[in-house]
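These are the residues of each chain, in order.
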Amino acid sequence: MDFKDFEIIYKENRVKILDKSKIESNLKDIIGAHSVSTKEIDLLAYTRGSTLIGFNWDIEGKIASLPDFITWPESVEQISEILKLANKERIPVIPYGEGSGVVGGAIPLYGGIIIDMKKFNKVIKINDKDLTVTAEAGINGMNLERYLNARGYTSGHIPQSLYISSLGGWIAHRAAGQFSTKYGKIEDIVLGMELVLPQGEVINFKTIAGASTGPQFDKLFFGAEGTLGIVTKATLKIWPLPEKKSLISYAFPTIEDSFEAVRKILRENIYPAVIRIYDKFETARHFPDIEKAKDKVMVIFICEGNSELVELEDSITKEKCEANMGVTCGDSPVKHWLETRFRVTETSSMPPYKIVFDTIEIASLWDNAANIYHLVLESMNKFKGVLMITAHVSHFYPNGVGIYFSFGGVPSKGQSDLEFYQDCWDTTIKAVLDAGGSIAHHHGIGINRSHWMDEEWGKAMDTLRKIKKVLDPNNVLNPGKIYVNTWQRGDN
Ligand SMILES: Cc1cc2nc3c(=O)[nH]c(=O)nc-3n(C[C@H](O)[C@H](O)[C@H](O)COP(=O)(O)OP(=O)(O)OC[C@H]3O[C@@H](n4cnc5c(N)ncnc54)[C@H](O)[C@@H]3O)c2cc1C
């Protein structure tokens, strides 16, 4: 197969690079010939990230978009030089971690230079007294966690994509791990970082536990998705490995009952590391053998840490569940989850049946969480072609939740996969905004949500666009994301 055999979805905006061989040679001067590629096989590997509709495109011989150059720099200075070249020649640059982002953040919409961060893969140091680890931003999540575990620590950040994502990608999308209720999201875990700004300047936010040094400027770069800078290094909180774990599960008659139990646990300032509420559809899918959970809402908990505290958390968690109609299901559902938690076969098993499948996570305060859940299900069930819409809730705060919807369906006659996919996204996001929720909890904006940013942010979005212009006047860093207010509809 050759490039000409593929249909490129997003080809309208591709930047024309007049003298490609000159740019290739400039890049080779900066990072060495062996660290630049224009080979078809390499370019193809960087076309779509893990956007789930990409599985449908793979089968149909379509690719999202094509970069022009792949680069693997190994120093901050090299990244800085590549950005200076890109500004001079007005070529887009797309930072790339491990390509596990699911909203199209790493798709090279306008072509250009991919900066793959894989060579930034080292742990720099652990500080036991400060309880911190400093690592390069391209480090693979599993490699970092294994390194920590072998020395008696954890970062507490265990996303389902642990094996296929990087530290820089987590910061770029404000990721959340499965244990986030206790340890926080990545923006709660990172204490300091180094970045290369769009025009090549290097800045450092020093590692500090708390400070009052003017605006909290570093926060601007969490969730910036490679549009405001490239993260090269970060310092994270770490924790000693937990002394004890307790595995708990309860089945509830309704999602409202389960929400009440969990809300009341958190209100006591008790933070189980893992809490997962599965609506009755997902309970049937994931726990078909648990008799007591038939037609019910399954909730699993893991409390972990100091033994005495875990015992207390265990008993308060159980007490609140039982006071809110919960029926204990023992530890086997939690063991089942622990064994299967990195398995995601459903995402790739649907496209061969021409089913378009995806997940959409959103955020809500407690007050309207149940309302949002029902409104999304109602809106999606009315939408032509939708075969399934289900949810689980896996990130909790004393004040609110992150809800994770999964949908699957088939386009109507004459409708493309992409149109159906985009309509499903819009139906869900509209229902969330109508009910007062927030459009994303931890997957980020990428292509899929940028056209909702004005509604989400209001006037503040104008200010954010101005900041982007100041930092990146030539719009070289990851163009087409976050600030663009229309769906990139592609050609099909
Ligand atoms: C099976 C599966 C399970 C998942 N589970 C979770 C989960 O539990 N929790 C969760 O939060 N997410 C999850 N995700 C989504 C994904 O793993 C996260 O969004 C992750 O943070 C992306 O990291 P990455 O290194 O793969 O980034 P990439 O996909 O390579 O890039 C994502 C974005 O980050 C930018 N970027 C990458 N590196 C840098 C850098 N060093 N500096 C600046 N910008 C950069 C890119 O330009 C792009 O915009 C899952 C995805 C899959 C496929």
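Source: prediction; values computed, not measured.

## Examining the overall build of the chain
Stage number 1. Check the secondary structure of the chain and you find 17 helices and 20 strands.
Stage number 2. Relative to the globule expectation of 23 Å for 492 residues, the C-alpha radius of gyration of the chain, 23 Å, shows essentially globular dimensions.
Stage number 3. Reported as C-alpha extents along the three principal axes, the dimensions of the chain are approximately 70 × 60 × 45 Å.
Stage number 4. Within the span of the chain, comprising 492 residues, buried residues form 58% of the whole.
Stage number 5. Considering only residue pairs separated by 6 or more positions, the chain has 75% of its internal contacts joining residues 24 or more positions apart.
Stage number 6. With an accessible surface of roughly 20800 Å², the chain has 52% of that area assigned to carbon and sulfur atoms.

## Some words on the sheet that holds strand 7 (residues 123-127)
Stage number 1. Sheet architecture is open: five strands sit in the order 7-8-12-10-11, paired in antiparallel fashion. The two strands at the open ends of the sheet, each matched to only one other strand, are strand 7 and strand 11 (202-205). Across this sheet, the average inter-strand angle for adjacent strands is 10 degrees, counted without regard to direction.
Stage number 2. Pairing of strand 10 (residues 190-196) with strand 11, which is carried by four bridges, proceeds in the antiparallel orientation. Among the inter-strand pairings, L195 is bridged to a residue of strand 11, identified as I203.
Stage number 3. Seen against the sheet, helix 5 (residues 141-150) touches strand 7, strand 8 (132-136) and strand 12 (230-237) and runs at an angle of roughly 35 degrees to strand 7.

## What to know about the site of the ligand
Stage number 1. Around the ligand sit 34 residues in total, of which P95, S100, S161, S166 and A176 are the nearest.
Stage number 2. Within the side chain of S100, one N or O atom sits 2.6 Å away from an oxygen atom of the ligand.
Stage number 3. Backbone polar atom of A176 to a nitrogen atom of the ligand: 2.7 Å apart, as the coordinates give it.
Stage number 4. Elements represented by at least two residues in the shell around the ligand include exactly strand 5 (93-96), helix 6 (167-173) and strand 12.
Stage number 5. Tallying contributions element by element places helix 6 first for the shell around the ligand, with five residues.
Stage number 6. Along the lines of polarity and charge, the residues of the shell around the ligand split into 14 nonpolar, 18 polar and two charged.

## Focus: helix 14 (residues 369-382)
Stage number 1. Taking 1.5 Å per residue as the helical rise, helix 14 with its 14 residues ought to reach 20 Å, and the 20 Å between its terminal C-alpha atoms agrees with that figure.
Stage number 2. Every buried residue of helix 14 is accounted for by A369, A370, I372, Y373, V376, L377 and M380. Seen from one end, helix 14 has its buried residues packed into an arc of 165 degrees, which puts them on one side.
Stage number 3. Buried positions along helix 14 lie against helix 9 (255-267), helix 10 (280-286), strand 18 (356-365), strand 19 (386-396), strand 20 (400-409) and helix 15 (417-434).

## Regarding the packing of aromatic side chains
Stage number 1. Following the criterion strictly, the structure yields 13 aromatic pairs and no others.
Stage number 2. For the ring pair F217 and F221, a centre distance of 5.6 Å and an interplane angle of 65 degrees mean the geometry is edge-to-face.
Stage number 3. The buried category is assigned to F221, whose relative accessible area is 3%.
Stage number 4. Arranged with centres 5.8 Å apart and planes meeting at 70 degrees, the rings of F259 and W366 form a pair that is edge-to-face. One end of the pair, F259, is in helix 9; the other, W366, is in the loop between strand 18 and helix 14, and 107 residues separate them in sequence. Both residues of the pair, F259 and W366, count as buried.
Stage number 5. Here the aromatic cluster, defined as three or more aromatic residues joined through ring pairs, consists of F205, F217 and F221.
Stage number 6. Residue placement shows K219 over the ring face of F222; its charged tip is 5.2 Å from the ring centre.

## Some words on the domain arrangement of the chain
Stage number 1. The assigned domain composition of the chain is domain 1 (3-116), domain 2 (123-240), domain 3 (244-340) and domain 4 (345-448).
Stage number 2. Centre-to-centre, using C-alpha coordinates, domain 1 lies 25 Å away from domain 2.
Stage number 3. Tallying the contact residues gives 15 residues for domain 1 and 18 residues for domain 2.
Stage number 4. For the pair domain 1 and domain 2, the summed buried area comes to about 1200 Å², and 67% of that belongs to carbon and sulfur atoms.

## Some points on the packing of helix 14 against helix 15
Two packed helices can be described by the angle between their axes and the distance between those axes.
Stage number 1. Remark: helix 14 packs on helix 15, axes separated minimally by 9 Å, with the N-to-C direction vectors making an angle of 145 degrees. In this structure, helix 14 crosses over helix 15, and the sense of that crossing is right-handed. For the pair helix 14 and helix 15, the contacting residues are I372, L375, V376, S379 and M380 in the first and C424, T427, T428, A431 and V432 in the second.
Stage number 2. The class makeup of the residues in the contact of helix 14 with helix 15 is seven nonpolar, three polar and no charged.

## Quick look at the side chain of D417
Stage number 1. With respect to the helices and strands, the residue D417 is situated in helix 15.
Stage number 2. One buried charged residue, D417, forms no salt bridge at all, with the nearest opposite charge on K62 at 5.4 Å.
Stage number 3. Sequence-distant contacts of D417, that is, excluding residues within four places in its chain, are made with I53, N56, E60, V356 and P411.

## Quick word on the state of the cysteines
Stage number 1. One pass over the structure, following the stated rule, counts zero disulfides.
Stage number 2. With no disulfide of its own, C321 lies 9.5 Å from the sulfur of C303, the closest cysteine sulfur.
Stage number 3. A residue is classified by how much of its surface remains accessible, and C321, at 0% relative accessible area, is buried.

Parameters and conventions
Residues numbered from 1 in each chain as written. Predicted model: local features only at pLDDT ≥ 70, side-chain atom pairs only at ≥ 80, totals over all residues. Heavy atoms only, no water. Helix = DSSP H or I, 4+ residues; strand = E, 2+ residues; numbered from the N terminus. Rg over C-alpha atoms; globule rule 2.2 N^0.38 Å. Buried < 20%, exposed > 50% of the residue type's maximum accessible area, 1.4 Å probe, protein only. Contact = heavy atoms within 4.5 Å. Areas by Shrake-Rupley, 256 points an atom, 1.4 Å probe, with all protein chains shown as cover. Pairing = 2+ DSSP bridges. Axes fitted to C-alpha atoms, helices over the stretch in contact; angles between N-to-C directions. Near = heavy atom within 4 Å. Polar contact = N/O pair within 3.5 Å; in protein donor to acceptor, adjacent residues only side chain to side chain. Nonpolar A, V, L, I, M, F, W, Y, C, P; charged D, E, K, R; others polar. Expected span 1.5 Å × (residues − 1). Arc of directions from axis to C-beta. Phe/Tyr/Trp six-rings, centres within 6.5 Å; stacked < 30°, edge-to-face > 60°. Lys NZ or Arg CZ within 6 Å of the ring centre and 35° of its normal. Domains from an automatic or database assignment. Buried area = accessible area lost by both parts, 1.4 Å probe. Left-handed = near helix turned anticlockwise from the far one by under 90°. Lys, Arg positive; Asp, Glu negative; His and termini not counted. Salt bridge = Lys/Arg side-chain N within 4 Å of Asp/Glu carboxyl O. Disulfide = S-S within 2.5 Å.

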